[in-house]
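Breakdown of the fold
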Amino acid sequence: MAQLRYENNQEPSETNCERISSYNTRYPASRSNVATRSVTNRVIYADGDKVVEFHVTAINNNDLESAAAVISITTSIIPPQLYPRSFSLSANNSLCVIFSWQPPEWPNGPITGYQYKCNDEGLWTNIEHSANKRKYQLCQFSPYQVVECELRAVNSAGNSNSATAPSVTTDCDASTAPRNIQFSDRVEEYNEGRVRLKYTVTWRKPETINCAEINHYITRYPNSSSQTVQTSTLSRVVHVDGEEEVTFYVYAVNDANIHSPVSSHTITSGTLKPQKEPTNVVLRADNSFCVSINWEPPQWPNGIITGYQYKRNTQIGTEWSIIGDVRRIQICQYTPYEKVQCQIKAMNSEGSSDVATTDEIRTLCSASTKPNNIKFNDPVEEMNDGRLRLKYIVTWEKPQTINCAKINHYVTRYPTATSQTMQTSILNRVVYADGENEVTFYVYAVNDANLQSPVSSFSTTSTSLRPQITPTNVSIQADNSSCVTISWKPPQWPNGVISGYQYKQSIKSVTPWTSIGDVRSIQICQYTPYEKVQCQIRAMNNEGNSNTSTTVEIRTLCAASLAPRSVSFRDPITTQQAGRERLMYTVNWQKPLKENCESISFYNTRYPASDSNITARTVASRNVYADGDTVVEFHVTAVNNDNLESAAAVISITTLEIRPQLHPTSVSGMVNNSTCITLSWQPPRWPNGPITGYQYKCNDEDSWTDIENSADKREYQLCKFSPYQVVKCKLRAVNSAGNSNSATAPSVTTDCDVPTLPPNLLKYITETSYKPKESEYHRRRIIMHIPKKDILANCREITLRQYKLNGSVDYTLDNQPLADLNAVTNYTIVYSAGNDEGFIITRSVVVTTGELEPGPVRVLMEPFNLSCISLSWTEPQPPNGIITEYQYRCRAPQSPDSIYTTTRERRDLVLCNYQSGDLVTCEVRASTAIGYGPASMNATTVSCGDPGEAVVFVDETVVHSEEMQRELVNVNITWMAVTANCRSIVNYSVSLSYQDEVLKVKTTEADERALSVEGLYPFTNYTVQITTTNNKGLMSHSFYTLITQETVKNISITSTDHVVVFSEVMKGFYYTTIILKPIDLMNVLSNQSNYQLIIGNIREPTRGRHKRTAVFTNSTCDSDSLYGYETAAELGITCYITAEIPGYPNIEVTEKDLSLSKRNIGIGVGLSVGVIIITGAVLIFLYKRRLHSKENSETGDFPLNRTDSLTSSVGPPVPVKPANLKSNPKPVPANPTLHPTKQAIPLAHLTEYISDKEAIFSEYNVRLIGLSYFYCGI
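Description of the structure in this document. (Residues numbered from 1 in each chain as written. Predicted model: local features only at pLDDT ≥ 70, side-chain atom pairs only at ≥ 80, totals over all residues. Heavy atoms only, no water.)

So, about the overall build of the protein chain. A tally of regular secondary structure across the protein chain gives three helices and 100 strands. Taken over 1274 residues, the protein chain has a buried fraction of 42%. In the protein chain, the proportion of contacts linking residues at least 24 apart, taken out of those at least 6 apart, comes to 62%. When the accessible surface of the protein chain is summed, it comes to about 67,000 Å², and 46% of that surface belongs to carbon and sulfur atoms. (Helix = DSSP H or I, 4+ residues; strand = E, 2+ residues; numbered from the N terminus. Buried < 20%, exposed > 50% of the residue type's maximum accessible area, 1.4 Å probe, protein only. Contact = heavy atoms within 4.5 Å. Areas by Shrake-Rupley, 256 points an atom, 1.4 Å probe, with all protein chains shown as cover.)

Here we take up the nonpolar core. What tends to happen in soluble globular proteins is that the nonpolar side chains get buried as a cluster. Core analysis: the largest hydrophobic core is formed by 23 residues, its most contacted members being W975 and I1026. Of all the secondary-structure elements, those providing two or more residues to this core are strand 84 (966–975), strand 85 (985–994), strand 87 (1010–1016) and strand 88 (1021–1030). W975 has contacts with A950, V951, V952, F953, Y988, V990, T1004, E1008, R1009, A1010, L1011 and I1026, leaving out every residue within four places of it along the chain. (Core = buried A, V, L, I, M, F, W, Y, C linked by side-chain atoms within 4.5 Å.)

Summed over all chains, the structure comprises 25 aromatic pairs. Each ring, one from F569 and one from Y585, has its centre 5.6 Å from the other, and the planes form 80°; the classification is edge-to-face. Of this pair, F569 sits in strand 51 (residues 565–569) while Y585 is found in strand 53 (residues 580–590), placing the two residues 16 residues apart along the sequence. Y585 shares its class with F569; the two are buried. Ring-pair connections join several aromatic residues into one group, and the members of that group are F569, Y585, W589, Y603 and F634. Between K345 and the ring centre of W320, over which it is positioned, the NZ or CZ distance is 4.5 Å. Lying across the ring of W513, R538 places its NZ or CZ 4.2 Å from the centre. (Phe/Tyr/Trp six-rings, centres within 6.5 Å; stacked < 30°, edge-to-face > 60°. Lys NZ or Arg CZ within 6 Å of the ring centre and 35° of its normal.)

Another aspect to go through is the state of the cysteines. Scanning the model with the defined rule gives 13 disulfides in all. Paired through a disulfide, C365 and C404 show a sulfur-sulfur distance of 2.1 Å. The sign of the S-S torsion, about 60°, decides the handedness of the disulfide formed by C365 and C404: right-handed. Taken together, the positions of C365 in the loop between strand 34 (361–362) and strand 35 (372–376) and C404 in the loop between strand 37 (387–397) and strand 38 (407–413) put the pair 39 residues apart, joining distant regions of the chain. Here C676 engages in a disulfide with C719; their sulfurs sit 2.1 Å apart. The S-S bond linking C676 to C719 shows a torsion near 120°; that makes this disulfide right-handed. Taken together, the positions of C676 in strand 60 (residues 676–682) and C719 in strand 63 (residues 715–719) put the pair 43 residues apart, joining distant regions of the chain. (Disulfide = S-S within 2.5 Å.)

Glancing now at the layout of surface pockets. In this structure, the largest pocket encloses a volume near 780 Å³. Around the largest pocket sit 27 residues that line it, and T112, H129, A131, S916 and G917 are the ones nearest its centre. The set of elements that each furnish at least two residues to the lining of the largest pocket consists of strand 9 (111–118) and strand 10 (125–127). Split by residue class, the lining of the largest pocket holds nine nonpolar, 14 polar and four charged. (1 Å grid on protein atoms, 1.4 Å probe; cavity = no way out; pocket = protein on both sides within 12 Å on 5 of 7 lines; lining within 4 Å. Points joined across faces, edges and corners; volume = space filled by probe spheres on them. Nonpolar A, V, L, I, M, F, W, Y, C, P; charged D, E, K, R; others polar.)

As a further point, take the environment of L1034. Its location among the elements puts L1034 in the loop between strand 88 and strand 89 (1035–1043). According to the relative accessible area criterion, L1034 is partly exposed, its value standing at 24%. When the C-alpha atoms of L1034 and N981 are compared, they prove to be 9.5 Å apart, with 53 residues separating the residues in sequence. Setting aside chain neighbours within four positions, we find L1034 in contact with C944, G945, D946, P947, T1028 and T1029.

Moving on, we come to the sheet that holds strand 43 (residues 472–478). Read across the open sheet, the three strands follow the order 43-44-47; overall the sheet is antiparallel. Among the strands making up the open sheet, the edge pair consists of strand 43 and strand 47 (521–524). Averaged over all adjacent pairs, the angle separating strand axes in this sheet is 15°, with direction ignored. Pairing of strand 43 with strand 44 (residues 484–489), which is carried by five bridges, proceeds in the antiparallel orientation. Each bridged residue has a counterpart across the sheet, and for S475 the counterpart in strand 44 is S487. (Pairing = 2+ DSSP bridges. Axes fitted to C-alpha atoms, helices over the stretch in contact; angles between N-to-C directions.)

This brings us to the sheet that holds strand 83 (residues 952–961). Sheet architecture is open: three strands sit in the order 83-84-87, paired in antiparallel fashion. Both outer strands of the open sheet, strand 83 and strand 87, are each paired with one neighbouring strand and no more. In this sheet, adjacent strand axes meet at a mean angle of 15° when their direction is disregarded. Where strand 84 lies against strand 87, five bridges are found, and the strand directions are antiparallel. Paired with I973 across the bridge in strand 87 is L1011.

Here we take up the pairing of strand 61 (residues 691–698). For strand 61, the buried fraction is high: seven of the eight residues fall into the buried class. Of the strand pairs in this sheet, strand 61 and strand 65 (residues 729–735) are connected by seven bridges, and their pairing is antiparallel. Among the inter-strand pairings, Y696 is bridged to a residue of strand 65, identified as L731. Of the strand pairs in this sheet, strand 61 and strand 62 (residues 705–707) are connected by three bridges, and their pairing is antiparallel. Considered in strand 62, the bridge of Y694 is made with I707. Here strand 61 folds back onto strand 62, and the loop between the two strands holds six residues, one of which, N699, carries a positive phi near 50°.

Attention now goes to the environment of S769. Within the secondary structure, S769 is located in strand 69 (residues 765–770). We classify S769 as partly exposed; its relative accessible area is 38%. In this structure, the C-alpha to C-alpha distance between S769 and N822, residues 53 residues apart in sequence, is 10.0 Å. Beyond its immediate stretch of four places on either side in the chain, S769 contacts R779, R780 and L852.

All right, on to unusual backbone geometry then. In the segment running from Y221 into P222, the intervening peptide bond is cis, with an omega of 15°. Looking at the element boundaries, P222 is found in the loop between strand 20 (214–220) and strand 21 (228–231). Cis geometry marks the peptide bond from Q661 to L662; its omega dihedral reads -5°. The residue N709 is not glycine, and still its phi comes out positive at about 50°. Note that N709 resides in the loop between strand 62 and strand 63. The exposed category is assigned to N709, whose relative accessible area is 72%. We note that N815 has phi near 70°; this positive angle belongs to a residue other than glycine. By secondary structure assignment, the location of N815 is in the loop between strand 72 (812–813) and strand 73 (817–821).

So, about the environment of L800. Looking at the element boundaries, L800 is found in strand 71 (residues 798–805). Each C-alpha atom of the pair L800 and D814 lies 8.7 Å from the other, and the pair is 14 residues apart in sequence. The contacts of L800, once residues within four sequence positions are left out, are S832, A833, G834 and I840.

A word on the side chain of T440. Position of T440 relative to the elements: it lies in strand 41 (residues 438–447). T440 gets classed as buried once you look at its relative accessible area, which sits at 11%. Only 2.6 Å separates the side chain of T440 from the side chain of S459, close enough to count as a polar contact. Here T440 is in contact with R413, Y414, P415, T416, S457, F458 and S459, once residues within four sequence places are set aside. (Polar contact = N/O pair within 3.5 Å; in protein donor to acceptor, adjacent residues only side chain to side chain.)

Here the focus is the pattern of salt bridges. This structure, assessed with the given rule, holds 25 salt bridges. With its nearest N and O atoms 4.0 Å apart, the salt bridge here joins E382 to K391. Judged by relative accessible area, which is 28%, E382 ranks as partly exposed. A residue is classified by how much of its surface remains accessible, and K391, at 27% relative accessible area, is partly exposed. (Salt bridge = Lys/Arg side-chain N within 4 Å of Asp/Glu carboxyl O.)

On to a nonpolar patch on the surface. A surface patch of nonpolar side chains, about 270 Å² in accessible area, is lined by L82, Y83 and W106. Counting through the fold element by element, W106 comes out in the loop between strand 8 (96–102) and strand 9. The partly exposed category is assigned to W106, whose relative accessible area is 33%. (Patch = residues over 30% accessible without salt bridge, like charges linked within 9 Å, V, L, I, M, F, W, Y side chains within 5 Å.)

This paragraph deals with the side chain of T424. You can see T424 is positioned in strand 39 (residues 421–424). Side-chain polar atoms of T424 contact the backbone nitrogen of I426, separated by 3.2 Å. Ignoring anything within four residues of it in the chain, the contact list for T424 reads W396, H409, Y410 and T412.

Below you can see the structure in the form of structure tokens.
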């Protein structure tokens, strides 16, 4: 409660009346209701964090009111009142509920968040970032759980009262699947019209119901697509046919109607005999002797059908025949059209099915035999089809065997096999034939099954008749003026062999017939031109002549007349014709001596050449025109009334010479430059004689000037004019008869010169900056202005001045701005000037624009932690010059006003001293020498950042592994607490990996920061990764490289009957020694048994990983034969080892594969191989050393000549004796000489002997280097 009080000394200083009667107050605002007070104080109330105003005026005894005194305050923040409103819970699923609420009615200050507790939890839990939230999902419950929660609001002054929502129950979840589905023993029972197997299927209820109870079960049987059956019990009776795979499906439905997963159980039922008979049984007749039965298996075979039995008929006593598992059988040896009915049944291992009986059918009819004894009777001559023909009656007999019920009809063809068929039910047919014609009669029988018999046929040749009727297609044509040709074709029915033809040339009865051979045309000559000719023709054979053909008629052709005679030219006269002066001649001729037809119709003339157009004349003369000195020809032919043209009569002359007509052609003047033009022309169209030259005069000159040697010229250059002068010239041609008319060339004007620009163009360019309309940024522009007086026009005047940017299409006029240019950019300006004749000069000049304010930067902001944000920005685009500095400023609610901070470098900044949840707004701008560009703005909310990085500590302990017979390393990894950069760290995830293989992963709570790992290899690189997650879900990743410590050497020995394998570990590397044992070592090692040797750190070449490899030694070497030899391979004995490698199949390696490859041995270490013979034993050893080539023999090392390795470099490499060491096939003495001292080395002293690093075995060129740790004592 806040009180505002006026004391007595706070009364108005002047009452301006007798006294103050009362005070009017308004609260909490100027428009609040008036409360009148007679004293100078009033008690008022306000909620927290509210701006309130108190207004008071004084009223004097004259009821006059003073001006108001006003005071405004912001009330203090107090805890929210009363509690969150409309708080409710709703179940979202089986694990989660959703809170919904509204803020308290009186928050009394900014709500900073909300807190909840549920189901009698002791502590309140903050809802993260919930100041403005109205919903929250909480997922910490179990299915079907009653949930009751409280919610309270929080501000900086404290908590509100809590609101309790009505309780809700989380949703039910699906139960687990029903269990233990079982089928009972089978019972045979009649079901669905057949014997079937009955099972009772039982199951147990789900192990977990996840709701109140199971309401019912849904089952499907016999497959997943079967209809569902609902039951409330735990069993169901089902039926199945024999040997059928069925599946029973069941799932539970709880009282929330949620389905459990489906349980299923599949069985295959037992065997029953087939139920019902075979199906789809069809009996078909294949032919007249065979039938086929087709069927399908019984609908319920109840097992594998082993075969079928059938009867060929249903007669009593017919036996069943057994066949395999087929679907069709053919039964033969029936007679045609016989009744057939069969039976069939199926079999399996349990018995036979019911019997299926087929329908009754008949075998098919077969065709009858062919008709017999076809005969033609004697012919009779009779008119048929409009001509005389021979008539025959053909008879035949019915088939000997019908092979069906009866013959239905006969089908005949005559006179060929392709003739139209004719059907008849009797045994004869009337036919006709022409004379001497070979005909064939065909007939076949058709029985009542519509089957055709084979065809019977009979051929005969008819007797002769005279030809019928006349020769055909008789025609005549005139071949020329004296001959005609008659053509024809034989009579349509020659009725025998045509022996020849007869013709006569006139239809007069007295004209005799002329006989000719068997031809189809004849030419008859010795007629006169245009004579009428009539002819007839008839055919002949040995029986007589045919009828006479119709008369054909034609006329002989006309012949061309002879050529016209006495063609001549009369003397010419000069006349105007076709617009010029020409010569006119009259040409005369006489008609031909012989016309060779009825008459001459007209004459065809050609002039002045043989290919000129024809001019027809009905008289024997024609006027023609000619130019001077021209060779012309006159051609004339006569055309008779048959339009036949005679040969041409031709006369040729050369005309007289006259002056040229009309004038030179195509005369024109062409300007060459400012002082010269070129006259060009073509000769006159009609020179009328040889042109001897040309003359000209220009611009009203008085006299003509000869152009020298110009008879064959066509152009001439005159250089005597001034620039831009109008020139007009005339030209005429000259020959021996005189001058032509003159031709005037169109006037021309000499050229203008190209304008000239001033030399220094830069002084005419002005460059400035400007700000375009509706734009926030400045741009550069230039203005180029060259006055006309500074440009030499070289013509009347300058008409064009413009400029543009190089590469641009559009020009800008002179003295107009070229705008929208970038700053600090080189531009090439192209300037063009032109005169009134269109001559343009263009020149370029390069201009560099000045700087401008830079463009905007891009501001990048993100939260850094609970009190800081990170700020960075990009280069301004465009920079518009050299960036001199940047300025930035940031504002938050508690510091709304801020000033710019200047920096010369663009960099990442971390700005702090903010409060969590503040919205921080930052502005950044860049500057050039011109000034600052526009400021760019971005904003972010102060919140959590990524956690810090973990600081790791490792403790190592070396332990001995009895199982692996070697030292291993146990490590304990711890780390310091990581800075959360938020409210808290939620958890850590720590992993240990080797290469890309993760060996162990663990997630820990915030206060648990340790990981223990056992059994690591010594002196090996491992990677520790720690991922830290804070309460906002942000992560950081820390990496630590762990190199396990070195261990002391560890020696292990494995032995079989013939092989000893030593293994030692030095500084994390494994060294393996293989000894092929001779006889004298058997007793020493006789107590050894097969051991497993674990070899680690073998590099897998395909991935670069390191594997543990289990190697088992074995041998088939004959120890008696090995004595005295360096290797078992020299005796042809195979000694091998077997390696079990994780991820790979077992492999076997023979002696020849015991080789070494530099690229896959150990971990970055090369190995050398040597051989020592000690008392008959062959020792192959490895020691740490770089490999050298054979040429480096002075180093004491010897190279390997084999590069193949065990199992393609997958298993551990096994060395053999190098190839460049000499082998001794002879047995080695008991005490061989190995040193100049000739001292024998017992096996027990091997360690001491080989520790001498300078020991040289000169016989084998082997020097031991660095083999200071080696044990072979047993």
